[in-house]
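# Descriptive analysis of the structure
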Amino acid sequence: MPTLFLSHGAPPLVDDPTWVAQLQELAAGLPRPKAILMASAHWESAPLMLGATETVPLVYDFGGFAQRFYQVQYRAPGAPVLADQVAALMPDGETVARTTRGLDHGAYVPLTVMYPDADIPVLQMSLPTLEPDRLLELGARLAPLRDEGVLIVGSGFTTHGLPFLRDWRPEAAAPGWSREFDAWTAETLARGAVDELADFRSVAPGMPYAHPTIEHFAPMFLTLGASGTPEQSPDQPIDGFWMGLSKRSFLTT
């Protein structure tokens, strides 16, 4: 299986026909996963934690949206075997905790578009760190799951400077810091310059406005690590902006 980094969007993602079409096309071009392992910007917890594996509820971890967004359901099967596999891939002596936490919106919103039948087992794992090097290492440990038909997804947002937005319309023009950071990310990914990506806080234009906190950029390093070859030039099938934020997403092989 390939690995994915998705710019996942807020719940109103599902009302954006362009983004929905892009995610549907992306999913249609993938081999059908036997299971999906999600790591979202919205679950930071150390030690590594694994979410619900029997029934998989949803976590409505947002506020201020229409009531219908709090009534969404996504009754995906649990993935207890995958949870055991993830735990077995961790180093001896490293704690892996289990919880009944459900899928947060960084996980389920794109899945409702990509796999609307909710018939593929899903497991969400926490981000135990935001440090790129450690996430690359964690992803590398998870890479063997790809041979078992597991789709590994890091879900974040290529730019996420919410405090600096002034126009909250979906079609709003992207601020300069968002355009500059997005262009740098696209070019750096194309060169496979993973060391430069990992140093984004120091070298990327548009910082710190593009990421005043870094949890939405961090999941891409898990994706790159799980690819087995982080220095590859990944396919970037989704680009452009939504509400001025970069929705760039990529696919590794």
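Residues numbered from 1 in each chain as written. Predicted model: local features only at pLDDT ≥ 70, side-chain atom pairs only at ≥ 80, totals over all residues. Heavy atoms only, no water.

An unreviewed UniProt entry annotates the protein chain as Extradiol ring-cleavage dioxygenase of Actinoplanes awajinensis subsp. mycoplanecinus. Checking UniProt for the protein chain, the heading Sequence similarities (unreviewed entry) contains the comment "Belongs to the DODA-type extradiol aromatic ring-opening dioxygenase family." Per UniProt, the comment on the protein chain under Cofactor (unreviewed entry) is "Zn(2+)". (UniProt positions renumbered as here; feature names shortened; annotations may be inferred.)

### Focus: the environment of glycine 9
Tracing the backbone shows glycine 9 in the loop between strand 1 (3–7) and helix 1 (17–28). The class of glycine 9 is buried, set by a relative accessible area of 2%. Separated by 44 residues in the primary sequence, glycine 9 and threonine 53 have C-alpha atoms spaced 25 Å apart. (Helix = DSSP H or I, 4+ residues; strand = E, 2+ residues; numbered from the N terminus. Buried < 20%, exposed > 50% of the residue type's maximum accessible area, 1.4 Å probe, protein only.)

### Considering unusual backbone geometry
Geometrically, the link from alanine 46 to proline 47 is a cis peptide bond, its omega value of 0° lying close to zero. Along the chain, methionine 207 connects to proline 208 via a cis peptide bond; the corresponding omega equals 0°. Summarising the element assignment, proline 208 is placed in the loop between helix 7 (200–203) and helix 8 (219–226). Positive phi values are uncommon outside glycine, yet alanine 118 reaches one of about 50°. Mapped onto the secondary structure, alanine 118 falls in the loop between helix 3 (105–114) and strand 5 (122–127). Positive phi, close to 60°, is recorded for methionine 243, a residue that is not glycine. As for its placement among the helices and strands, methionine 243 is situated in the loop between strand 8 (241–242) and strand 9 (245–246). For methionine 243, a relative accessible area of 12% gives the class buried.

### What about the side chain of threonine 159?
By the secondary structure assignment, threonine 159 is in the loop between strand 6 (150–156) and helix 5 (176–190). With relative accessibility at 0%, the residue threonine 159 sits in the buried group. Only 2.7 Å separates the side chain of threonine 159 from the backbone nitrogen of serine 246, close enough to count as a polar contact. (Polar contact = N/O pair within 3.5 Å; in protein donor to acceptor, adjacent residues only side chain to side chain.)

### Section: helix 3
Since the α-helix turns once every 3.6 residues, residues separated by three or four places project in the same direction. The element helix 3 is largely enclosed, with a buried count of nine among its ten residues. All of the buried residues along helix 3 are His105, Gly106, Ala107, Tyr108, Val109, Pro110, Leu111, Val113 and Met114. Those residues of helix 3 that are buried lie in contact with strand 1, helix 1, strand 2 (35–44), strand 5 and strand 6. The backbone nitrogen of glycine 106 lies 3.0 Å from a side-chain oxygen of the residue at the head of helix 3, namely aspartate 104. (Contact = heavy atoms within 4.5 Å.)

### Section: the packing of aromatic side chains
Here the structure, examined in full by the defined rule, presents 17 aromatic pairs. Their ring planes at 55° and their centres at 6.5 Å tell us that tyrosine 60 and tyrosine 70 sit as a pair that is tilted. One end of the pair, tyrosine 60, is in the loop between strand 3 (48–50) and helix 2 (80–89); the other, tyrosine 70, is in the loop between strand 3 and helix 2, with ten residues separating them in the sequence. Judged by relative accessible area, which is 27%, tyrosine 60 ranks as partly exposed. Judged by centre distance (6.5 Å) and plane angle (85°), the rings of phenylalanine 181 and phenylalanine 200 are edge-to-face. Of the two residues, phenylalanine 181 sits in helix 5 while phenylalanine 200 sits in helix 7, which places them 19 residues apart along the sequence. Residue phenylalanine 181 is classed as buried on the basis of its relative accessible area of 0%. (Phe/Tyr/Trp six-rings, centres within 6.5 Å; stacked < 30°, edge-to-face > 60°.)

### Structural notes on the nonpolar core
Judged by nonpolar contacts, the single largest core of 81 residues is most densely connected at Leu37, Tyr115, Leu142 and Phe221. Among the elements that make up this core, the one with the highest residue count is helix 3 (six residues). In this view, phenylalanine 221 contacts Pro132, Leu135, Leu136, Leu197, Ala198 and Phe200; residues no more than four positions away in its chain are not counted. (Core = buried A, V, L, I, M, F, W, Y, C linked by side-chain atoms within 4.5 Å.)

### Concerning the pairing of strand 1
If a strand is regular, its side chains alternate between the two faces of the sheet. Burial analysis of strand 1 places five of its five residues in the buried class, which makes it a mostly covered element. Alternating residues of strand 1 divide into Thr3, Phe5 and Ser7 and Leu4 and Leu6, and every residue in both groups is buried. Bridge count between strand 1 and strand 6: five bridges; the pairing is parallel. Residue pairing in the sheet places threonine 3 in a bridge with isoleucine 152 of strand 6. Where strand 1 lies against strand 10 (residues 249–252), three bridges are found, and the strand directions are antiparallel. What sits directly across from leucine 4, in strand 10, is leucine 251. (Pairing = 2+ DSSP bridges.)

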